[in-house]
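# A look at the structure
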Amino acid sequence: MNILCIGGGPAGLYFGLLMKLQDPAHRVVVVERNRPFDTFGWGVVLSDQTLDNLRQADPVTGNLIGDALNHWDDIEVFYKGRSVRSGGHGFCGIGRKHLLNILQDRCLALGVELVFETEVADELALAAQYQADLVIASDGLNSRIRTRYAATYQPDIDTRMCRFVWLGTHKTFDAFTFAFEQTEHGWFQAHAYKYNENTSTFIVETPQEVWKAHGLEDMSQEEGIAFCERLFARYLDGHALISNARHLRGSANWIRFPRVMCRTWVHTESIAGRDVPIVLMGDAAHTAHFSIGSGTKLALEDAIDLAQSFAAARTGADTSVAAVLRDYEARRSVEVLRIQNAARNSTEWFENVDRYTGMEIEQFAYSLLTRSQRISHENLRLRDRAWLQGYETWLARAAGVAATQPPVPPMLLPLQVRGTRLKNRIVVSPMATYSAVDGVVQDFHLVHLGARALGGAALVMVEMTSPNPHGRITPGCPGLWNDTQQQALRRIVDFVHGQSDGRIGLQLGHSGPKGSTQVGWEQTDEPLPDPAANWPLLAASAVPYGAQNQVPRAMTRADMDAVLADFVAATRRAAEAGFDWLELHCAHGYLLSSFITPLTNLRTDEYGGAGGAGLANRCRYPLEVFRAMRAVWPADRPMSVRISAHDWAPGGHTADDAIAVARLFKEAGCDVIDVSSGQTTREARPVYGRMYQTPFSDRIRNEVGIQTIAVGAITQADQANSIIAAGRADLCAIARPHLADPAWTLHEAAALQSRAVNWPRQYLSGRDQLYREIQKQQELLASASGSQGLAQAAERAEGL
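For the structure given in this document, a descriptive report is provided here. Every value quoted in this text rests on a predicted model; they were computed, and no experiment measured them. (Residues numbered from 1 in each chain as written. Predicted model: local features only at pLDDT ≥ 70, side-chain atom pairs only at ≥ 80, totals over all residues. Heavy atoms only, no water.)

## Some remarks on the packing of helix H1 (residues 10–22) against helix H4 (residues 96–110)
In a packed pair of helices, the relevant descriptors are the angle between the two axes and the axis-to-axis distance. Heads up, the rule is: Between N-to-C directions, angles cover 0 to 180 degrees, with each direction set by a line fitted to C-alpha atoms, over the stretch in contact for helices. Strands are runs of DSSP state E lasting at least 2 residues, helices are runs of H or I lasting at least 4, and numbering of each runs from the N terminus. Orientation is classified from the angle alone, with under 35 degrees giving roughly parallel, over 145 giving roughly antiparallel, 65 to 115 giving roughly perpendicular, and any other angle giving oblique. Two helices crossing with the near one rotated counterclockwise from the far one by less than a right angle form a left-handed crossing, whereas a clockwise rotation gives a right-handed crossing. In what follows, residue pairs with any heavy atoms lying within 4.5 Å of each other are defined as contacts. Throughout this entry, Asp, Glu, Lys and Arg are counted as charged residues, while Ala, Val, Leu, Ile, Met, Phe, Trp, Tyr, Cys and Pro are counted as nonpolar. The remaining residues, Gly among them, count as polar.
Interhelical geometry of H1 versus H4 gives an angle of 25° and a closest axis separation of 9 Å. Judged by the inter-axis angle, H1 sits roughly parallel to H4. Considering the relative orientation of H1 and H4, their crossing is left-handed. Every residue of H4 that contacts H1 at Pro-10, Leu-13, Tyr-14, Leu-17, Lys-20 and Leu-21 is listed here: Arg-96, Leu-99, Leu-100, Leu-103, Gln-104, Arg-106, Cys-107 and Leu-110. The residue inventory of the contact of H1 with H4, partitioned by class, reads 10 nonpolar, one polar and three charged.

## As for the environment of Val-704
In this fold, Val-704 is placed in helix H23 (residues 694–704). For the pair Val-704 and Ala-488, spaced 216 residues apart in sequence, the C-alpha to C-alpha distance is 38 Å. Beyond its immediate chain neighbours, meaning those up to four positions away, Val-704 contacts Ile-659, Ala-662, Arg-663, Lys-666 and Arg-699.

## Notes on the state of the cysteines
For clarity, the cut-off: Here, two cysteine sulfur atoms that lie within 2.5 Å of each other are counted as a disulfide. Categorising residues by exposure relies on relative accessible area from a 1.4 Å probe, with only protein chains included: less than 20% of the type maximum marks a residue as buried, more than 50% marks it as exposed, and the intermediate range marks it as partly exposed.
Overall, the coordinates contain zero disulfides when judged by the stated rule. The thiol of Cys-5 is not disulfide-bonded; the next cysteine sulfur, from Cys-107, is found 8.3 Å away. For Cys-5, a relative accessible area of 0% corresponds to the buried category. The thiol sulfur of Cys-619 is not disulfide-bonded, and the nearest other cysteine sulfur, from Cys-586, lies at 8.4 Å. Judged by its relative accessible area of 0%, Cys-619 is buried.

## Focus: empty space enclosed by the protein
We apply this condition: Throughout, the protein atoms alone are placed on a 1 Å grid, and a set of points is a cavity if a 1.4 Å probe fits but cannot get out or a pocket if it is open with protein on both sides within 12 Å along at least five of seven lines; lining residues have an atom within 4 Å of a point. Grid points are joined across faces, edges and corners, and a volume is the space filled by probe spheres set on the points.
Counting across every chain of the model gives three cavities of 30 Å³ or more. Size it by volume and the largest cavity reaches roughly 70 Å³. What lines the largest cavity is Cys-586, Ala-587, Ser-593, Ile-596, Thr-597, Ile-643, Ser-644, Asp-647, His-653, Ala-658, Val-661 and Thr-680. Put simply, the parts of the chain that give the lining of the largest cavity at least two residues each are helix H19 (591–596), strand E26 (639–644) and helix H22 (655–667). Of the residues contributing to the lining of the largest cavity, the split by class is six nonpolar, five polar and one charged.

## Overview of unusual backbone geometry
Generally, phi is negative for residues other than glycine and the peptide bonds are trans, each holding for most cases. Cis peptide bonds are those with omega within 30 degrees of zero, and the linkage from Gln-405 to Pro-406 qualifies with 0°. Tracing the sequence through the fold places Pro-406 in the loop between helix H15 (385–398) and strand E18 (415–417). Its identity is not glycine, yet Trp-648 carries a phi of approximately 55°, on the positive side. Residues other than glycine seldom take positive phi values, yet Ala-713 does so here, at roughly 55°. Checked against the element boundaries, Ala-713 lands in the loop between strand E28 (707–711) and helix H24 (717–725). For Ala-713, a relative accessible area of 35% corresponds to the partly exposed category.

Next up, the structure:
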C-alpha cells in the first residue's frame, strides 16, 4: 500500500514505522508542519504496561524508548501541610521531544519518508500526489481534517471546567507528585514528574472561576508563571518554572482541556477514481485527560492495533482495507471508551477538589489514587501492601474498630445510623420478585430474604411495597395496607432477627404512572394484556410512561391527601412489624419520582414548575410524604430515600439537581440517600459501566454531607472496599449478585481470606471446601512467571 500519515506526532510516526516494518514494500510518507526537532509540551508519561506493548510491537523501538525513560514507582500527595507516599505504581517519563526523535530516527532507518515544514491545506491533493491507498489523519487535538469531515466523524468536544498550564522546572521530583494549595479563592493543584536527569514536567491546574478570581486571565505569561512560582515555592526549592510556549501572548498558555470523542474514525473520499479511507488516529480521534497520562499511550496503542489488524488480515477471509478498518474500529473503540470513562472520572475529581477537602489526608490520598475507578482496593494492595494495611488500620480506627492484623477490610466495618448498628457495609438491594399474592408476601419471600440475611449482609431490604392496592407495579408486587400483609411481613422480620445478626428494612413506594403492568418475566413495563384487569393510575401530570402505557390521572389535592395517609398508615404497620429500616422510593419514574423530574411534572400549581427554580415545588409533595412518615416512624430507626440522580435524557434531571434534591431531604430529616439513576422515561440513555452510579453517590455524600448508599453494577468485594474506603458511599447495595448467590457477602469475605489469613473466622462461616479452592488459586499464582504466566494462572484460578 501507499500510506500517507498527516501529522508527525507519536501516532503518525509509530504507525508509519510499524507498517514499514511489517512490509518493506509499503510506501509510507509522514507529513509534518513543524521542523524535524521542534516540539511543544514537556515530558509524557507511559505505564510499564504500555512499554511492554511497545517492546512486543517493535523490540528495537521499545528498547530505545525504554532506555531513555525515567522510572519511578512512588506517588506522593501533599495536602494541608502533610504528605502521604505510596509505591508500586510503575510509571515512566520521557521528554516529548526525545520520544519524537526516537520515532523519527527509527522511521528513517526503516525507509519511512518524513516530510517536514509542510502545512497541509488540501489533504485530497496530497493524497493524490502520493497515490495514497490509506490516509492517517494524525493531525492532533485541533485536527483540521476532523473538522472538515465533521459530518462523517460526528465529533463531540466537551471543554472541561479547569484551566491548566503546562510548564517545566529543573527541580527533579523522585515521585509522581500531586501538590494541593488553597488560596483565598479556592484550590490549585500541581501535577509534577521527572522525565530526564535534570527536568520535570510541572502542570498547574485550577477551576475556571478560581483562575479568574486571581486575575490570571489578565496577566502576562511571565506574571502568570511568577504567580505559580510563589504559590508552589515550597515544592520548587528555589527552582524556576519554565515555559516553552513563549510564542503565546498573555494568558493564552492557560487552556481548558477538550475531551474529544467521535462517532466514527473512518471517512472515505474518492481520489483519482479510487475510494480512499481517511482514518483519525491519536488526539484527532479521541483525547484522555492528562491526569491519567493516557493521551500518548492511546496514540501509540492505536498505531499498534491498526498495524496488527492489517497483519492479521493477510490470512483472513476478507483482506480488504474496508474490512480491516471496520474490525479495528469496532474493537479499538471499546478500549478507548474504557480509558475515556476512567479519564472522565479523574477529570471530574480534579475539577472538584473542594468536594474532598473535608477529608483527612489519609482518605484524601486514597480517593485521589482510586479516582478513575480503574485502580481498585486490591490493586493498591498489590502495589503497596504495607501502605494499604496502614490505611485500612486508620479507617478501622475511625469506625471505632480495634486494630487487628491484618486489618478488617472496609466493607466489613460496622456503621451506626441513629440507633441501628449495621455489622458491615453490604446491603441486599430491594429487588422486585413478583411473587406476592394479593399483596401478601409468601414462603418464597421468607426463603429468599431469609437466605440472604444468613448470607452475611448487614441489611436486607424488602422489595418496593405499596401502601395501597393501586400503587403496586404488578399484580405480583407486595403491599402493606391490611393485617394479613403485615403479619406475613412480621414472620420474615422475626426470622431475620431470630436466626441472624443482620437487619431488615422495607422500601415503601407507589408505582404511579408505571403501575398496572406485567410481571418481570413477561413483558416488563407493558400494560396487563387483559384490559379489564388494569387499574387506574395516578401521577403528578397526565404523562404516560410510554405511548403504549395507560395515561395516568393528574393528582388532585384530595388524591395527594389520600395517598399521603396511606403512606403514613403503611409506615405505622412497618414499625409494628419490627422493621429496622424504612426507605421511601422517590426514583425510577414511580409516583413520587414523577413529581420530582421535570420530564413528567408539567403542573403549574405549587407542586410544579420548570427548571431549577421549580425544583423546590416539584419536591414539595414527596417531602410532605417523607415528613409525615418520619413523624410516625420510631425516632431511633433510620430512614433513607432512593432518588434518581440523573434522568439520562434531554431536559431531565442532572447530577446538579440531585444535589439540590438530597439537600431538601436532608433538611427534612432523611438519614441516608440511596443513589440510583434513570428509569424515569423510556427515552433515557444511561452510560453504563461498572459502578456507573457511584460518582453520583460520591458527589452527594461529600457535597451535601449526608450518608449514602451506592448501587448499580457493583459486583465484587474489591469494588465495595474501594467505594467505602474512598468515602464515595457509606453502604453498598448489591442486587443481581445476591440473586445468584444468597451468601455473596460470606463468599466474598472468604475470597479475601486468601489475602488476609488471620481474619476472625466468624466472617467466613467455616467453608473449608472454599478455603481449599482458594489455596489452589494461591499456588497457581505463586507459580506464575511473568505476565503471560500470570494470565494463564488467572484463567485457571477463575475456572476453580
